[in-house]
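Now for the letters of each chain:
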Amino acid sequence: EYWARDSVSGDMPQEYVTKLAKTPGLSADHYVATLQRKVSLQGTEVLLTGVLREETAVDAGKKRPMGTVVEKGKCFVGFAVANKMGLQQGDELDILGKTLTVERCLLESGSKEDIRIYAHLSDVQAMLGMEGRINLIQALGCLCNAPSLEQLRKEIGRVLPGTYVTELSSIV
């Protein structure tokens, strides 16, 4: 379902992110609460993605921040969406009854990022009527100490049984 739709119909409590971050001994250093769904916007299908500032693992030390941070009431708009809708920084965009200000138009990536709209997690939760819920946790870590996918699955499975762990490794 995730690969076919870029989101899943299931969800989980947002608190799961804090639970992971506060569990010592996990291989990932940063955890990002995410809620994403494909939605129709002015006749165009977009990938609406709500994110929070990352939570850093309790034993990560002083690692540099990772992830995308969007302020409440603002959004980052993918290249294809911005072009099709003629959007520029400072424009207002109505998404599912909520008005957001375009903070940034993203550069062309040649990927799904071009149809993505990033917003603050609480804004997206309100738009979708899913307050306190997420459907994806991005577990980010240092590539130099990357554990095997099986190791990461075991670690996270101990803390959050029933979750599915996969690796996105399309770094260029």
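Calculation rules
Residues numbered from 1 in each chain as written. Predicted model: local features only at pLDDT ≥ 70, side-chain atom pairs only at ≥ 80, totals over all residues. Heavy atoms only, no water. Phe/Tyr/Trp six-rings, centres within 6.5 Å; stacked < 30°, edge-to-face > 60°. Lys NZ or Arg CZ within 6 Å of the ring centre and 35° of its normal. Salt bridge = Lys/Arg side-chain N within 4 Å of Asp/Glu carboxyl O. Buried < 20%, exposed > 50% of the residue type's maximum accessible area, 1.4 Å probe, protein only. Helix = DSSP H or I, 4+ residues; strand = E, 2+ residues; numbered from the N terminus. Arc of directions from axis to C-beta. Contact = heavy atoms within 4.5 Å. Core = buried A, V, L, I, M, F, W, Y, C linked by side-chain atoms within 4.5 Å.

(A) Seen up close, the packing of aromatic side chains. Going through the model one piece at a time under the given rule, you end up with 0 aromatic pairs. Positioned above the aromatic ring of phenylalanine 76, the side-chain terminus of arginine 104 is 4.2 Å from the ring centre.

(B) Structural detail: the pattern of salt bridges. Tallying each qualifying case throughout the model produces 6 salt bridges. Glutamate 113 serves as the salt-bridge partner of arginine 116, at 2.8 Å between the closest nitrogen and oxygen. According to the relative accessible area criterion, arginine 116 is buried, its value standing at 9%.

(C) Main features of helix 4 (residues 121-128). Burial in helix 4 covers these residues: Leu121, Asp123, Val124, Gln125 and Met127. Where helix 4 terminates, the next one or two residues include glycine 129, which has phi positive at roughly 65°.

(D) Representation of helix 5 (residues 149-159) within the structure. When we look at burial in helix 5, the residues that qualify are Leu152, Glu155, Ile156 and Val159. Buried residues of helix 5, seen end-on, are gathered within an arc of 90° and therefore sit on one face of the element. Along helix 5, the residues that are exposed and aim more than 90 degrees away from the buried face are Lys154 and Arg158. Next to the buried residues of helix 5 lie helix 2 (15-21) and strand 10 (136-140).

(E) Seen up close, the environment of valine 58. As for its position among the elements, valine 58 is in the loop between strand 4 (55-56) and strand 5 (74-77). For the pair valine 58 and leucine 20, spaced 38 residues apart in the sequence, the C-alpha separation amounts to 9.1 Å. Leave out the neighbours within four places in its chain, and valine 58 touches Ala21, Lys22, Thr23 and Pro24.

(F) Looking closely at the nonpolar core. Membership of the largest hydrophobic core comes to 37 residues, with the highest contact counts inside it found for Tyr31, Val77, Leu93 and Ile117. For this core, the element with the most residues is strand 2 (residues 30-41), which contributes 5 residues. Core analysis: the second largest hydrophobic core is formed by 7 residues, Val32, Val70, Leu106 and Tyr118 among them.

(G) Up close: the environment of leucine 41. Within the fold, leucine 41 resides in strand 2. On the basis of relative accessible area, leucine 41 is assigned to the buried category, the value being 4%. Measuring from C-alpha to C-alpha, the distance between leucine 41 and isoleucine 95 comes to 6.8 Å, with 54 residues separating the pair along the chain. Residues contacting leucine 41, with those up to four places away along its chain left out, are Val46, Met85, Leu93, Asp94, Ile95 and Ile117.

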